[in-house]
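# Report on the structure
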Amino acid sequence: MKQGIHPEYKDVIFSDASANFSFLTRSTIETKNRETMKWEDGKEYPVIRIEVSSASHPFYTGKHKVVDTAGRIEKFNQRYGRKAAK
């Protein structure tokens, strides 16, 4: 690999404030001049605030709604569809 062309890969804390959930992972995201947070291992890491994570997304929490598309089509056809020829 060529030296000096790849972004720095470092430990970062991603924090979802809506679910009070944080996780430590590695990322190439820019962290200069970011706030830091002390992690469970006692070290300080830069923090990236996110709005949605697996702890708050409806798909993962089981709170998502299933859309009844078949019912909507039937309702549309009843209202605006062609009348059956008699």
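Our structure is the block above this text.
Residues numbered from 1 in each chain as written. Predicted model: local features only at pLDDT ≥ 70, side-chain atom pairs only at ≥ 80, totals over all residues. Heavy atoms only, no water.

### Points about unusual backbone geometry
Short version of the rule: Put simply, DSSP H or I for four residues or longer makes a helix, DSSP E for two residues or longer makes a strand, and each gets a number counted from the N terminus. The classification of residues rests on relative accessible area computed with a 1.4 Å probe and restricted to protein chains. Under 20% of the type maximum is buried, over 50% is exposed, and intermediate values are partly exposed.
With phi around 50°, N20 is a residue other than glycine that occupies positive phi space. Counting through the fold element by element, N20 comes out in the loop between β1 (10-16) and β2 (21-27). Relative accessible area serves as the criterion here: at 74%, N20 is assigned to the exposed category. Not every positive phi belongs to a glycine, and N33 is a case in point at roughly 60°. Tracing the backbone shows N33 in the loop between β2 and β3 (36-38).

### As for the sheet that holds strand β4 (residues 44-50)
The condition is simple: Paired strands are those between which DSSP finds at least two bridges. Geometry is summarised by axes, namely lines fitted to C-alpha atoms with helices restricted to the contacting stretch, and by angles between N-to-C directions that run from 0 to 180 degrees.
Taken in spatial order, the four strands make up an open sheet running β2-β1-β4-β3, and their pairing is mixed. Every other strand in the sheet has two partners, leaving β2 and β3 as the edge strands with one partner each. The sheet shows a mean angle of 45° between the axes of neighbouring strands, taken without regard to direction. Bridging between β1 and β4 involves four bridges; their strand directions are parallel. Looking at β4, one finds that S15 is bridged to R49.

### Let's talk about the environment of S22
Selection criterion: Whenever a nitrogen or oxygen atom comes within 3.5 Å of another N or O atom, the pair is scored as a polar contact, on the condition that within protein one atom can donate a hydrogen and the other can accept it, and that pairs from neighbouring residues in sequence are kept only if both atoms are in side chains.
By the secondary structure assignment, S22 is in strand β2. S22 sits in the partly exposed class, given a relative accessible area of 26%. One polar contact links S22 to S15, side chain to side chain, over a distance of 3.4 Å.

### Considering the pairing of β4
Pairing analysis gives three bridges linking β3 to β4, with the strands arranged antiparallel. Bridge pairing links M37 to Y45 in β4. Hairpin remark: β3 followed by β4, antiparallel, with five residues in the connecting loop; positive phi at G42, about 90°.

### Quick notes on the packing of aromatic side chains
The geometry of an aromatic ring pair comes down to the distance between the two centres and the angle between the two planes. Heads up, the rule is: Ring pairs shown here join Phe, Tyr and Trp side chains whose ring centres sit within 6.5 Å, with only the six-membered ring taken for Trp; geometry is labelled stacked below 30 degrees between planes, edge-to-face above 60, and tilted in between.
If you walk through the whole model with that rule in mind, you get three aromatic pairs. Geometrically, the ring pair formed by F14 and F23 is stacked, given 5.6 Å between the ring centres and 20° between the ring planes. Taking 5.9 Å as the distance between ring centres and 40° as the angle between the ring planes, the aromatic pair formed by F21 and F23 counts as tilted. We classify F21 as partly exposed; its relative accessible area is 31%. Among the aromatic side chains, those forming a connected cluster through ring pairs are F14, F21 and F23.

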